[in-house]
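Close look at the chain arrangement
So you can see what is in the structure, the chains are spelled out below.
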Amino acid sequence: MRYIVFLGLLMAGLFQVFFWLIQDNRISLSQDSYGSIDSLSYSPYYGYKKDLLSDKQIEEDVKMLSFFTKRLRTYSTADADAILKVIGKRYDMTIDLGIWLSSNYKDNFKEISHAIELSKEYPHSINNIIVGNETILRKDLNSTELIGYLNYISSSVENKVTTAEVWKTWDDYPALANNVDFITVHILPYWEEVKIEDFNSYLLEKYFYIKGKFSPKEVVIGETGWPSNGYNNKGSQPGIKNQATAIRGFLNAAKDNNIKYNIIEAFDQPWKGYEEGNVGQYWGIFNEDRKLKFYINGDIEVNEYWIYQMLAAILIGAFLTLYGLRNQRLNLYHAFAYSIAAQGMAFGIVMAIVYPFNNYMNFGMWVMWSMGTLLMVPLVVITLAKANELFKNSIGTAPKRLIQNDLKSDNTPFVSIHVPAYKEQPHVLAETLTALSKLKYPNYEVLVIINNTPEEFYWKPIEKLCKDLGDKFVFLNITCTGFKAGALNKALEYTNKKTEIIAVIDADYEVESPWLTDLVPVFDDPKVAIVQAPQDHRDGDESLVKAAMNAEYAGFFDIGMIDRNEENAIVVHGTMVLIRLSSMIEVGGWGTDTIVEDSELGLRLFEAGYQAHYTNRRYGYGLLPDTIEAFKTQRHRWAYGAIQILKKHYKEFFPSSRKLNRRQKNKFVTGWFFWLSDALGPVMAVMNIIWVPVIIFVGVTIPTIALTIPIITAFLVNILHTFILYRINVKTSFRNTFLSSIASMSLQLIIFKAVFDGFIKDGLPFKRTEKGGSKATKGSTNPIKYETIFAVLLLGSFFALIFTNESRIVEIYVFAVTLLIQSIPYISAIIMRYLELKAIREDKN
């Protein structure tokens, strides 16, 4: 077994290595460039709050930049003032002084006055004065106002004066050229949606167009460059490779064409995350930590830490593989497929972990990344558990512990069949008792336990029926506490003293005659305390909504229970179950401190060292919940009860506890994670909904890997898990498989409520599931009110992102798809309600 796991690990690890090796981590570009840069944009700030650097920090920056250029471009007089205090006295460096103009005339006057003062104080350090930066493009000023400012500055200083606008603005407002000493044009192919391959050709085309239009006036490219990170702008893709390609190629083209220029910019600017979205932060040739992103010539290493990330992914994948495959019966196909899935998840984990190291994170992004990464843990566990179950049941070893149908025994221990009934419809219970009277087994009794039901309507006909059916049937009409568990405990007082096995069925179950004959022989093994048969239903053909419910139940009993049975860790269900009486008494009988007394008793029996066996043959058929509300009530009870069991028994799952073996612990913990994973769905949906306005109105995309990829991956694995295993194990039609998915997903919000209630509320009452007579009506309370709200919000967010994504940013599309996926459970609830209302209309007709 170990060598199979080792081979799977080795092969999957080689896949991981191969994947990393084929990435372009080191790139050779033909565009080497030699010589210095004409000018670099430099803003003496840092951090997300745009704090001013100290004089010492500015001095260090200027000294570093002096190896690349002898000229800096600034954007406001405050920038220039801080820099001139350093370079005006100590460095062979000059600046182009920018005046920041806005729609606030008072601020503009202060900027202009300050600029005039600086031009007089540092006459040898200031080359030119740039009056306004894209002020017309931003619509802060009109051309007449800008021309007025230009003329005023020109008459007040000795320096040459210009203004900086994009090429289209110069083209649209040619009168500007008559009021400047030279033209400063911004040509930024990234914002023009130009592909990196066309960077130089596009830039030169626009440059020579402006130069030709305003000849013989000098034209300087005031801004050009390319972002090293962030989102795409249609065909414009950011990245280190593309940034290096753009800048290296342009430096050569500028030299060949004798173009004066300024590169934007020297250092990354994290504070622009709020102003320009994720892209505005990454235009520097240095990152915020003053580390050069690439050299002007030679090879480029895109990810210098790739080998460490690869090793981390391999190790995490190996851990996930060893943890997921430990103590399982395996073949090589199962081990290899699971190892590949684990390595894929490990890659996602590593990428999520390193995200903050490769991106500038503001407070909102830290919150989203932290919560998304934290929520990855249960998603990874659940996804791998589903993958494990998928591979085990499709390409793994066949199950070995399923009860065989040909068991024979000379023993016929006395069986006491307990049928608890609380306000059950008499005709339904009568069908159940009539079926029990036809059992082939010779040695049994039936205790009909009417509990806490004073209305004669429910029990009077049943009392008469028990007399008619004979001595095997014992009618009890009791009052007790503790809900169903209390009634079952009370019934033990009336149980025949010869009883060795307790059988329990719900009041709506019609059992088949071989039930006890086939299954009681399993108890010949004294270690066996439980024998469980699956639930099934006889009214699944009444409507599509009931067909969906029935198909959803079938998946658990034909997939999950078979898988758990292999590890002696089934979930005991309180119908179609046989329990050794002496074992049950030994562990304390039915527990009344949870509302899932059956599953909790089963866990106590496992902790006592007993075994359970399961058969997937159907021996009994009950009734489905009458309404969607009843369907949800039942699932709330199961999920709430699961959390009650977790809170009661959690210590038994510590490594130090020896009551359960590791396989059993794994199955129970994974089962609880299934509940928790469903409960996390609404939490992640709310997080993502909140982030949508930030994307649309601020332009900041989310940490994609942490908040989208796990959700999409989990969804795809769930789809494969459902459609493959339903075909293999349940052997049902595509229609029923689809219906089961709708029914299962529609329960997400009620499971969240159940898990939430389970952790903060104790002692919620047992709510019976309405069956066998109650019908939904159009006028009844809307059972999907909150699901509808979620569906509207998520679908609205999806369409809002799609229709506002004018730049066709890939991350936004991915996020939009994630929102669409997150809406599916709530759309499923709406579909279930529609099917229910359709059935109501058909009944009336």
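Just so it is clear, the structure is predicted and the values come from calculations on it, not from any experiment.

1. What about the overall build of the protein?
Helix and strand counts for the protein come out as 26 helices and 21 strands. Over its C-alpha trace the protein gives a radius of gyration of 36 Å, far above what one expects of a compact globule, namely 28 Å for 845 residues. Here the C-alpha coordinates of the protein stretch approximately 120 × 60 × 45 Å along the principal axes. Counting only contacts in the protein whose residues sit at least 6 apart along the sequence, the fraction spanning at least 24 positions is 79%. Accessible area of the protein: about 36,400 Å², with a carbon and sulfur share of 58%. When the 87 basic and 89 acidic side-chain charges of the protein are each reduced to a single mean position, those positions are 4 Å apart.

2. Things to note about the packing of helix H16 (residues 544–565) against helix H23 (residues 734–745)
Orientation of H16 relative to H23, taken along the N-to-C sense of each, is 85°, at an axis distance of 7 Å. It follows that H16 is roughly perpendicular to H23 by the angle criterion. Each of Leu544, Ala547, Ala548, Met549, Ala551 and Glu552 in H16 lies in contact with H23, whose residues at this interface are Arg735, Asn736, Leu739, Ser740, Ala743 and Ser744. Per-class residue counts for the contact of H16 with H23 are 7 nonpolar, 3 polar and 2 charged.

3. A look at the confidence of the model for the protein
The predicted model of the protein has a mean per-residue pLDDT of 90, with 96% of residues at 70 or higher. Averaged pLDDT values for the elements of the protein fall to 63 in strand E1 (residues 26–27) and rise to 98 in strand E9 (residues 183–186).

4. Re the packing of aromatic side chains
Counted under the stated rule, the structure contains 35 aromatic pairs. Ring plane angle 90° and centroid distance 5.4 Å describe the contact between Phe68 and Phe286, whose orientation is recorded as edge-to-face. You can see Phe68 sitting in the loop between helix H2 (55–65) and strand E5 (71–73) and its partner Phe286 sitting in the loop between strand E11 (260–263) and strand E12 (300–301), a full 218 residues away along the chain. For the pair shown, Phe68 and Phe286 are each scored as buried. Ring pairs connect the aromatic residues Tyr190, Trp191, Phe199, Trp226 and Trp283, which therefore count as one cluster. Between the NZ or CZ atom of Lys50 and the centre of the ring of Tyr45, over which it lies, the distance is 5.0 Å. Of note, Arg564 hangs over the ring of Phe668, and the distance from its end group to the ring centre comes to 4.9 Å.

5. Examining unusual backbone geometry
Looking along the chain, the bond that leaves Ser215 and enters Pro216 is cis, with omega of 10°. With respect to the helices and strands, Pro216 occurs in the loop between helix H7 (199–213) and strand E10 (219–224). A cis geometry characterises the amide bond from Ile264 onward to Glu265, with omega recorded as -5°. If you trace the backbone, Glu265 turns up in the loop between E11 and E12. A positive phi angle, close to 65°, is found at Lys139, a residue other than glycine.

6. Quick notes on the state of the cysteines
By the definition in use, this model includes 0 disulfides. In this structure Cys466 is a free cysteine whose sulfur lies 17 Å from that of Cys480, the closest cysteine sulfur available. Residue class for Cys466 comes out buried when judged on its relative accessible area of 3%.

7. Some words on the pattern of salt bridges
Within this structure, the stated rule accounts for 39 salt bridges. Between Glu218 and Lys260 there is a salt bridge whose closest N-O contact spans 3.0 Å. Residue Glu218 is located in the loop between H7 and E10, and its partner Lys260 is located in strand E11; the two are separated by 42 residues in the primary sequence. A salt bridge links Glu600 to Arg604, with the nearest nitrogen and oxygen atoms 2.9 Å apart.

8. Quick notes on the pairing of strand E15 (residues 473–478)
For a regular strand, the rule is simple: side chains alternate between the two faces of the sheet. Of the pairings in the sheet, the one linking strand E14 (residues 444–451) to E15 comprises 6 bridges and is parallel in character. Note on E15: the bridge partner recorded for Val446 is Phe473. In this view, the connection linking E14 to its parallel neighbour E15 by way of helix H13 (residues 456–469) has right-handed handedness.

9. Concerning the pairing of strand E19 (residues 577–580)
The alternating pattern of E19 places Val577 and Ile579 and Leu578 and Arg580 on opposite faces, both of which are buried. Sheet topology places strand E16 (residues 499–504) next to E19; 4 bridges connect them, and they run antiparallel. Paired with Ala503 across the two strands is Leu578, which belongs to E19. As defined by bridge partners, strand E18 (residues 528–532) adjoins E19 across 3 bridges and the pair is classed as antiparallel. Bridged to Ile530 within E19 is Ile579.

10. With respect to a nonpolar patch on the surface
A cluster of nonpolar residues, Phe6, Leu7, Leu10, Met11, Leu14 and Leu332, forms a patch on the protein surface that exposes about 510 Å² of accessible area. No other element matches the 5 residues that helix H1 (residues 2–21) contributes to the nonpolar patch. Assignment of secondary structure puts Leu7 in helix H1.

11. Some thoughts on the sheet that holds E14
Judged by pairing direction, the sheet is mixed, and its 7 strands sit side by side in the order E15-E14-E13-E16-E19-E18-E20 without closing on themselves. Edge strands, defined here as strands with exactly one partner in the open sheet, are E15 and strand E20 (611–614). Averaged over all neighbouring strand pairs, the angle between strand axes comes to 20°, with direction disregarded. The pairing of strand E13 (residues 414–421) with E14 spans 7 bridges and is classified as parallel. What sits directly across from Ala421, in E14, is Ile450. Lying over the sheet, H16 contacts E18 and E20, oriented at roughly 150° with respect to E20.

12. What to know about helix H8 (residues 240–256)
With 17 residues, H8 should cover 24 Å at 1.5 Å per step; its first-to-last C-alpha distance of 24 Å lies within 8% of that length. In terms of burial, H8 is a largely internal element, 13 of the 17 residues being buried. Phi for Asn258, located one or two positions after H8, is positive at around 55°.

Rules used throughout
Residues numbered from 1 in each chain as written. Predicted model: local features only at pLDDT ≥ 70, side-chain atom pairs only at ≥ 80, totals over all residues. Heavy atoms only, no water. Helix = DSSP H or I, 4+ residues; strand = E, 2+ residues; numbered from the N terminus. Rg over C-alpha atoms; globule rule 2.2 N^0.38 Å. Contact = heavy atoms within 4.5 Å. Areas by Shrake-Rupley, 256 points an atom, 1.4 Å probe, with all protein chains shown as cover. Lys, Arg positive; Asp, Glu negative; His and termini not counted. Charge placed at Lys NZ, Arg CZ, Asp CG, Glu CD. Axes fitted to C-alpha atoms, helices over the stretch in contact; angles between N-to-C directions. Parallel < 35°, antiparallel > 145°, perpendicular 65-115°, else oblique. Nonpolar A, V, L, I, M, F, W, Y, C, P; charged D, E, K, R; others polar. pLDDT = per-residue confidence, 0-100. Phe/Tyr/Trp six-rings, centres within 6.5 Å; stacked < 30°, edge-to-face > 60°. Buried < 20%, exposed > 50% of the residue type's maximum accessible area, 1.4 Å probe, protein only. Lys NZ or Arg CZ within 6 Å of the ring centre and 35° of its normal. Disulfide = S-S within 2.5 Å. Salt bridge = Lys/Arg side-chain N within 4 Å of Asp/Glu carboxyl O. Pairing = 2+ DSSP bridges. Right-handed = clockwise from strand over helix to strand, strands pointing away. Patch = residues over 30% accessible without salt bridge, like charges linked within 9 Å, V, L, I, M, F, W, Y side chains within 5 Å. Expected span 1.5 Å × (residues − 1).

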